[in-house]
Amino acid sequence: SPPQNETSRSPLSSFELKEETRRQRNRQHARISRERKQRQFEMLQEENVRLRNGVADLERQVAVNLNEINYLRELYHRSERENLYLRGQLQSSGHMPSTAHLPPWSGTPATNGAQSQAPPTVSAPSTGPASAAPAYYHMQTQAVAAVPPRPPADHGASST
């Protein structure tokens, strides 16, 4: 009679063979699923980095645009102050030109009925220490004479 060990090694039954095949397929599918999820996770991490870089680029562009807006606003206000001073000089000298050619938003009495008063007169600074000119005149004559160059526009200079 054969030894007992050899009888315990009998070939797998049909049911056991099917079960072992099913387990191997399940393990293989689980491994494939884990690998797919890992690839998806890595792709999402890369997309996250790209999007964060895009947000940072947009934030930098917003800062550049705000700086340009502030620069242009200051330039506009300087021009307004200079125009106010020059109009006052023309008015006080009696050489105020006709305002018919000026646009309605210029705020002149001839073209803008809502603002029916003339712009205030601004006198030139005196040579003495106590100047009668408003403080903005001094700032304006120094600043407008040498308006700084416009900052370079940085439109889309980032490399993504």
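Predicted model only: the values in this text are computed from it and were never measured.

### Some words on the overall build of the protein
Step number 1: For the protein, the count of helices and strands is 3 helices and 0 strands.
Step number 2: Per-residue burial for the protein yields a buried fraction of 12% across its 160 residues.
Step number 3: Summed over all atoms, the accessible surface of the protein reaches about 12,900 Å², with 56% contributed by carbon and sulfur.

### Topic: the pattern of salt bridges
Step number 1: Tallied over the entire structure, the rule returns 7 salt bridges.
Step number 2: Notably, a salt bridge pairs Glu20 with Arg27, separated by 3.5 Å at the nearest N-O pair.
Step number 3: Assessed through its relative accessible area of 28%, Glu20 is described here as partly exposed.
Step number 4: The exposure class of Arg27 is partly exposed, given its relative accessible area of 48%.
Step number 5: The partner of Arg78 in a salt bridge is Glu74, and the shortest N-O contact between them spans 3.3 Å.

### Regarding the confidence of the model for the protein
Reading predicted coordinates in detail is not appropriate for stretches of low pLDDT.
Step number 1: Per-residue pLDDT for the protein has a mean of 73; in total, 54% of the residues score no lower than 70.
Step number 2: The low-confidence segment residues 109–146 (pLDDT under 50) makes 57 contacts with residues lying over four places distant or belonging to another chain.

### Details of a nonpolar patch on the surface
Step number 1: Together, Val62, Leu66 and Ile69 make up a nonpolar patch on the protein surface, roughly 260 Å² of accessible area in all.
Step number 2: As for its position among the elements, Ile69 is in helix H2 (residues 14–93).
Step number 3: Given a relative accessible area of 42%, Ile69 falls into the partly exposed group.

### Overview of H2
Step number 1: A rise of 1.5 Å per residue sets the reference length of H2, with its 80 residues, at 118 Å; its end C-alpha atoms lie 116 Å apart and thus fit the reference within 8%.
Step number 2: Buried within H2 are the following residues: Asp57, Gln61, Glu68, Tyr71, Arg78, Arg81, Tyr85 and Gly88.
Step number 3: Gly94, located one to two residues past H2, shows a positive phi value of around 80 degrees.

What counts, and where the lines are drawn
Residues numbered from 1 in each chain as written. Predicted model: local features only at pLDDT ≥ 70, side-chain atom pairs only at ≥ 80, totals over all residues. Heavy atoms only, no water. Helix = DSSP H or I, 4+ residues; strand = E, 2+ residues; numbered from the N terminus. Buried < 20%, exposed > 50% of the residue type's maximum accessible area, 1.4 Å probe, protein only. Areas by Shrake-Rupley, 256 points an atom, 1.4 Å probe, with all protein chains shown as cover. Salt bridge = Lys/Arg side-chain N within 4 Å of Asp/Glu carboxyl O. pLDDT = per-residue confidence, 0-100. Contact = heavy atoms within 4.5 Å. Patch = residues over 30% accessible without salt bridge, like charges linked within 9 Å, V, L, I, M, F, W, Y side chains within 5 Å. Expected span 1.5 Å × (residues − 1).

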